[in-house]
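For reference, the chains in residue letters:
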Amino acid sequence: MAGFPIIRTGLFPLYWMVLACMALLFSCTVPRKYQANKPFVFKTNIAVQGTLEGRDKADLELRLANQLDDSLKTRTVSFAGIRRTLVKPAVFDTNYANRSVLFMNALLNSIGYYQAKINWDSTLRVIGKQQRVTVNFTVVPGKNLKMDSLGFALSDTGLQALAIKNRSATLLKKGDPYSQQVVAAELDRLVEVFKDNGYFKVSREDVYAEVDTVLAALINPTLDPFEQIRLLNEVRLRREHPTINVVIKQRARDNAAPPKKYYIKQVHIHPDLRLFEDSSQASVDTVELRNIKVIGHEALFKPSFLVKNNSLLPGQLFRQKNYYKTVNAFSQLGAWQQVNVDLFANDSLGTIDADINLYPAKKQSLVIDLEATRNAGNTGDVFAVSNLFGVGLNIGLSNRNLARESVRSTTNIRGGVELGTKTNLIQTLQGSLSQNFYFPRFITPFKIAHEEKINSARTILNINTSYTDRRNFFSLGSISGAIGYEWSRRNKVFYYSPLTVELFRLGITDSLDRLFAKVPNLRFSFNNGLVITQNFVFKSLVSRANRITSLKIGVEESGGIFGLIPKLDKKGGLYRYVKSDLEYHHLIKRKRADWAFRLYGGIGIPYGKQADGSTETGLPFYKSFFAGGPNSMRAWQVRRLGPGSSDSLQTYDRFGDISLEGNIEYRFNLFSIGTVKVKSALFSDVGNIWNRTTFNNPNLANTEFKPSRLYRDLAVAAGTSLRFDFSYFLVRFDWAYKVKNPVYSKTNAGWFQNVRLNTGQFQLGIGYPF
């Protein structure tokens, strides 16, 4: 059939197996514990009709489903995502449907649909003693009410002035759909504005929203006839294009004093309180700094450090944002397990006293982790130990309060080994030692403007040394140091490292020499080298309803400044390149299953000169892209895919200057064993790596990236997974097939080549792949 790949005869057993699994996956629902010979609710359908389309229509149908009467909500239990069991369905009663209509109408009114029509009917299907009732709701929302204007009529002149001054930030925009939720959010915004300007006692109960009064005015018997004609004409227009006006007002209270502004008077910081301890019997030491009293039992923290992280300053106007900033600052430092800020208002004086109560966390900790990863392929026995099995041991020592300023120090020692075949048992040996310091502020030779407005600012110092021995291939030793700055803003995190210095020393074996003879330009990538980089990383996370989206963008350059020194550029082995990558994740959480998506792309461009004056030919291999393994193209072993559709590097690790990859997973629960959740997934991975050029080397044919060859070069993997979720970590067993292998791109574009039941790839991983 046109449009489908040709399937070889040997693949038909697997093909029919997949079809059978899909048929089972979408099989019928089986009722259990129903009342025999009585109509019970088997299924409820909701169809939204009208102008809504796509995601808006689906979202409204989902929200309407949540308004159903509980007896119309069918509860099913799935086993392995294959068989669905309907548990204890309710006996059908028309009252359930009528109540659901009321609930749905209430929802529609709250989001601006005041002319909705909701109808329902039911169908009965009798199967033996089962009387299955399917209830169908048809919803026509009608025209959505739009916002026309927003006004403020607050009796207090101070509040009125603030509301008008901050009007530009309103959530009620002209032409936007009207909803009660948005009106409520606007009221919350106003209260926050008032509290950020000293009105400590103003609350949500003090303000309310009054909507259109046009219809109420029409029934006024004293209304002028001409005014009545004008209002009737306005009502006619609103039926065609319904709009609404909102006025924010202040609720009148009997014998209530007018709102007043509050100022900070006294601030006390208690930095070393103990939970469940009678502190009244302990001796205290009080230090006053900038009119703030630090009252401690032990000299665990420097008073100047504590005062610097406090934003509630004596004599200043109370602002709620400074309260939250103080709580967040001490919470994010990590030196305290609990942070409480208590406020005490004096109404007669219009002042507030603040007690900042801090409960220290354990200062030092030791963590020992055991890691395991496995890449097994083409074995015939899924559980056989074959190809690469990796074991790693991590020992980490952490200090939360170095120098009495909540400077965090971490020391990590890691050792690992990858095991291979019986003839070559040890494939890789690896060891590393790293030391990190995290300072809770920016350390710079100059003052940063408006640093007080930056959230979670910290300076990171890193020193690392490592050694890797790829047996019979190469050995690599490295030492590096870096300084970086990290900060956040709302749901965004930024990291910038102005200086990272990495020195690499490579040990060459006969196997690598043979690869050099075959691909001479690899001598540049596999070499001793110096990398002096700047790095910038941007991360964002957005969570809305049942959807979570994250984005990560990284940019790295080496030699841009220090490469101007000739001794470093040509004789010092300094690599000069620009590298960037982008990673996008999207998760859709459903009641019974989740959809997870990932897109990744990266490119590296070398531009420096070698000792002989020629241009650098590629990225150093320890900065290059690779594919395969438990978190990438899972049908391939790690570093064993690509580049492109080349088949000339089959026995070697593969690296590239360009990477493209897309992943999709359908995740669902199977069952639980005690507190352990057993899960599964169906997944597909698409991608590859490429070189930027072949350098006219016939051994690198088809390794370079060309848009015209993209379809042929892309690899496709498909598989399933068994996962054990222990809440604090997840163990994952993945099994994947090379559905499209670019090595066979000349035969049916690589689709379904050498695909048999026993030719899959097994991967062992910790945590989700993305």
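Owing to the predicted nature of the structure, the values given are computational and were not obtained by experimental measurement. (Residues numbered from 1 in each chain as written. Predicted model: local features only at pLDDT ≥ 70, side-chain atom pairs only at ≥ 80, totals over all residues. Heavy atoms only, no water.)

What the protein chain contains, in helices and strands, is 13 helices and 30 strands. Considering only residue pairs separated by 6 or more positions, the protein chain has 65% of its internal contacts joining residues 24 or more positions apart. When the accessible surface of the protein chain is split by element, carbon and sulfur atoms take 57% of a total near 41,600 Å². (Helix = DSSP H or I, 4+ residues; strand = E, 2+ residues; numbered from the N terminus. Contact = heavy atoms within 4.5 Å. Areas by Shrake-Rupley, 256 points an atom, 1.4 Å probe, with all protein chains shown as cover.)

Here we come to the environment of Asp342. Inspection of the secondary structure assignment puts Asp342 in strand S13 (residues 336-346). Residue Asp342 is classed as partly exposed on the basis of its relative accessible area, which comes to 33%. In this structure the C-alpha to C-alpha distance between Asp342 and Ile352, which are ten residues apart in sequence, comes to 10.0 Å. Polar side-chain contacts of Asp342 include one of 3.1 Å to the side chain of Asn357. (Buried < 20%, exposed > 50% of the residue type's maximum accessible area, 1.4 Å probe, protein only. Polar contact = N/O pair within 3.5 Å; in protein donor to acceptor, adjacent residues only side chain to side chain.)

It is the contact of helix H2 (residues 54-65) with helix H3 (residues 94-110), at a shortest axis distance of 9 Å, that shows an interaxial angle of 135°. Taken together, the axes of H2 and H3 lie oblique to each other. With respect to the hand of their crossing, H2 and H3 are arranged in right-handed fashion. Contacts from Leu60, Arg63 and Leu64 in H2 reach Met104, Leu107 and Leu108 in H3. (Axes fitted to C-alpha atoms, helices over the stretch in contact; angles between N-to-C directions. Parallel < 35°, antiparallel > 145°, perpendicular 65-115°, else oblique. Left-handed = near helix turned anticlockwise from the far one by under 90°.)

This part covers the pairing of strand S10 (residues 263-270). Taken together, the six bridges between S10 and strand S14 (residues 351-360) define a ladder with parallel strand orientation. For Val267, the partnering residue across the bridge sits in S14 and is Ala354. Summarising the sheet, S10 and strand S12 (residues 292-296) pair through two bridges and their orientation is parallel. Bridge assignment links His268 to a residue of S12, and that residue is Lys293. (Pairing = 2+ DSSP bridges.)

Taken residue by residue, the protein chain gives an average pLDDT of 84. The fraction at 70 or more is 84%. Here helix H6 (residues 214-218) stands out as the least confident element of the protein chain, with mean pLDDT 44; S10 is the most confident, with 97. The low-confidence segment residues 1-16 (pLDDT under 50) makes 14 contacts with residues lying over four places distant or belonging to another chain. Contacts for the low-pLDDT stretch residues 213-221, under 50 throughout, to residues beyond four places or in other chains number twelve contacts. (pLDDT = per-residue confidence, 0-100.)

Residues Leu366, Ile368, Leu370, Val391, Leu393, Ile395, Leu397, Ile413 and Leu433 make up a contiguous nonpolar surface patch of roughly 830 Å² in combined accessible area. Among the structural elements, Ile395 can be located in strand S16 (residues 388-402). Look at Ile395 and you get partly exposed, because its relative accessible area is 34%. (Patch = residues over 30% accessible without salt bridge, like charges linked within 9 Å, V, L, I, M, F, W, Y side chains within 5 Å. Salt bridge = Lys/Arg side-chain N within 4 Å of Asp/Glu carboxyl O.)

Grouped together as the largest cluster of nonpolar side chains are 24 residues, with contacts concentrated most on Ile269, Leu306, Phe330, Trp336, Ile356 and Leu358. The leading source of residues in this core is S14, at four residues. Setting aside residues no more than four positions away along its own chain, Trp336 makes contact with Pro271, Phe301, Phe305, Leu306, Phe330, Leu358, Tyr359, Pro360 and Ala361. Core analysis: the next-biggest nonpolar cluster, separate from the first, contains 22 residues, Met147, Leu150, Leu172 and Ile248 among them. (Core = buried A, V, L, I, M, F, W, Y, C linked by side-chain atoms within 4.5 Å.)

Bringing the sheet that holds strand S8 (residues 207-211) into the picture now. Strand order in the open sheet formed by three strands is S7-S9-S8, with mixed pairing between adjacent strands. If you trace the sheet from one side to the other, it starts and ends with strand S7 (146-153) and S8, each paired once. Strand after strand, the sheet turns through a mean of 25° between neighbouring axes, direction not considered. When S7 meets strand S9 (residues 243-250), the two strands line up parallel, connected through seven bridges.

The full count for this structure, using the stated rule, is 23 aromatic pairs. Between Phe442 and Tyr485, the aromatic rings sit 5.6 Å apart at their centres with planes inclined by 90°, giving edge-to-face as the arrangement. Of the two residues, Phe442 sits in the loop between strand S18 (426-439) and strand S19 (455-470) while Tyr485 sits in strand S20 (residues 474-489), which places them 43 residues apart along the sequence. Judged by its relative accessible area of 10%, Phe442 falls in the buried class. One aromatic cluster is present, formed by Phe442, Tyr485, Trp487, Phe494 and Phe538 through successive ring pairs. Across from the ring centre of Phe770, 5.4 Å away, lies the NZ or CZ of Arg667, which sits over that ring. (Phe/Tyr/Trp six-rings, centres within 6.5 Å; stacked < 30°, edge-to-face > 60°. Lys NZ or Arg CZ within 6 Å of the ring centre and 35° of its normal.)

Tallying each qualifying case throughout the model produces 27 salt bridges. Note that Lys201 is salt-bridged to Asp347, the shortest N-O span being 2.9 Å. Of this pair, Lys201 sits in the loop between helix H5 (180-195) and S8 while Asp347 sits in the loop between S13 and S14, and the two are 146 residues apart along the sequence. Assessed through its relative accessible area of 44%, Lys201 is described here as partly exposed. Asp347 sits in the partly exposed class, given a relative accessible area of 39%. Its salt-bridge partner being Glu486, residue Arg458 comes within 2.8 Å of it at the nearest N-O pair. Here Arg458, found in strand S19, pairs with Glu486, found in strand S20; they are 28 residues apart in sequence, far enough to count as distant.

This part takes up the sheet that holds strand S2 (residues 39-48). Backbone hydrogen bonds are what pair the strands of a sheet, in a parallel or an antiparallel way. The sheet built from three strands is open, its strands ordered S2-S6-S5 with mixed pairing. Strands at the two margins of the open sheet, each flanked by one partner only, are S2 and strand S5 (117-127). Averaged over all adjacent pairs, the angle separating strand axes in this sheet is 20°, with direction ignored. The pairing of S2 with strand S6 (residues 130-140) spans nine bridges and is classified as parallel. Looking across to S6, one finds that Asn45 is bridged to Asn136. Strand contacts of H2: S2 and S6, with the helix running at about 145° to S2, the strand carrying the most contacts.

Below, the discussion takes up unusual backbone geometry. Between Gly642 and Pro643 the backbone carries a cis peptide bond, its omega angle lying at -10°. Turning to its location among the elements, Pro643 is positioned in the loop between strand S25 (593-606) and strand S26 (658-673). Backbone geometry places Asn291, a non-glycine residue, at a positive phi of 65°. Checked against the element boundaries, Asn291 lands in the loop between strand S11 (285-289) and S12. Positive phi is not limited to glycine here, since Ser456 has a value of about 55°. Examined against the element boundaries, Ser456 turns out to sit in strand S19.

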